[in-house]
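Residue strings, one per chain:
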Amino acid sequence: MRALGRAAAGILVAATLAAAVPPPAPPYPRQRPMPSPPPPPPAWAPPPSADDPPPLPPVVRVVYAPFYLAGLAIRYGVEYLIIAPLEVFHRALHYGAEGGVER
């Protein structure tokens, strides 16, 4: 009976140790050969120089003129009616009425 108990204990210990050891790692895959480097980009050439575009036809100029004038009025109207007075006020606050220049 003792021999049978020892054999059962030995089998139990051997099974436990076999289960505790991790299996060996799988082998590394074979490395593929390095691909050849990409071909160099084609030589860059600047775009061909473009001549000045032809002038607009007179009819298109007449149609475009009111929009051009409205754009100028808005741009310079805002500049001289809003921005310039604010800049003058800003300078007056920082430098005084004399502008920082002694008489």
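Everything below is about the structure printed above this text.
Residues numbered from 1 in each chain as written. Predicted model: local features only at pLDDT ≥ 70, side-chain atom pairs only at ≥ 80, totals over all residues. Heavy atoms only, no water.

S.K.: Mind laying out the overall build of the protein, listing which residues take part and the relevant values?
M.R.: Scanning the protein from terminus to terminus reveals 2 helices and 0 strands. Whereas a compact globule of 103 residues would reach a radius of gyration of roughly 13 Å, the protein reaches 45 Å, over 25% beyond that. Its C-alpha atoms put the protein at 120 × 55 × 35 Å along the principal axes. Of the roughly 10800 Å² that the protein leaves accessible, carbon and sulfur atoms contribute 70%. Within the protein, the 6 negative side-chain charges are centred at a point lying 41 Å from the centre of the 8 positive side-chain charges. (Helix = DSSP H or I, 4+ residues; strand = E, 2+ residues; numbered from the N terminus. Rg over C-alpha atoms; globule rule 2.2 N^0.38 Å. Areas by Shrake-Rupley, 256 points an atom, 1.4 Å probe, with all protein chains shown as cover. Lys, Arg positive; Asp, Glu negative; His and termini not counted. Charge placed at Lys NZ, Arg CZ, Asp CG, Glu CD.)

S.K.: An account of a nonpolar patch on the surface is needed here, citing residue identities and associated values.
M.R.: A cluster of nonpolar side chains, namely Val 59, Val 63, Tyr 64, Phe 67, Tyr 68 and Leu 69, defines an oily patch on the protein surface of about 700 Å² accessible area. Relative to the elements of secondary structure, Leu 69 occurs in helix H2 (residues 58–95). You can call Leu 69 exposed: its relative accessible area is 53%. (Patch = residues over 30% accessible without salt bridge, like charges linked within 9 Å, V, L, I, M, F, W, Y side chains within 5 Å. Salt bridge = Lys/Arg side-chain N within 4 Å of Asp/Glu carboxyl O. Buried < 20%, exposed > 50% of the residue type's maximum accessible area, 1.4 Å probe, protein only.)

S.K.: Lay out the packing of aromatic side chains with the relevant residues and their values.
M.R.: Considering all chains together, one arrives at 2 aromatic pairs under this definition. Ring plane angle 35° and centroid distance 6.3 Å describe the contact between Tyr 64 and Tyr 68, whose orientation is recorded as tilted. Of this pair, Tyr 64 and Tyr 68 are both found in helix H2, 4 residues apart, which corresponds to roughly one turn of the helix. (Phe/Tyr/Trp six-rings, centres within 6.5 Å; stacked < 30°, edge-to-face > 60°.)

S.K.: Describe H2, with residues and values.
M.R.: Over its 38 residues, H2 extends 51 Å from the first C-alpha to the last, a length consistent with the 56 Å expected when each residue adds 1.5 Å. The sharpest bend along H2 comes to roughly 40°, located at Tyr 64, with the proline Pro 66 sitting one to four residues further on. (Expected span 1.5 Å × (residues − 1). Bend = angle between axes of the 7 residues up to and from the residue.)

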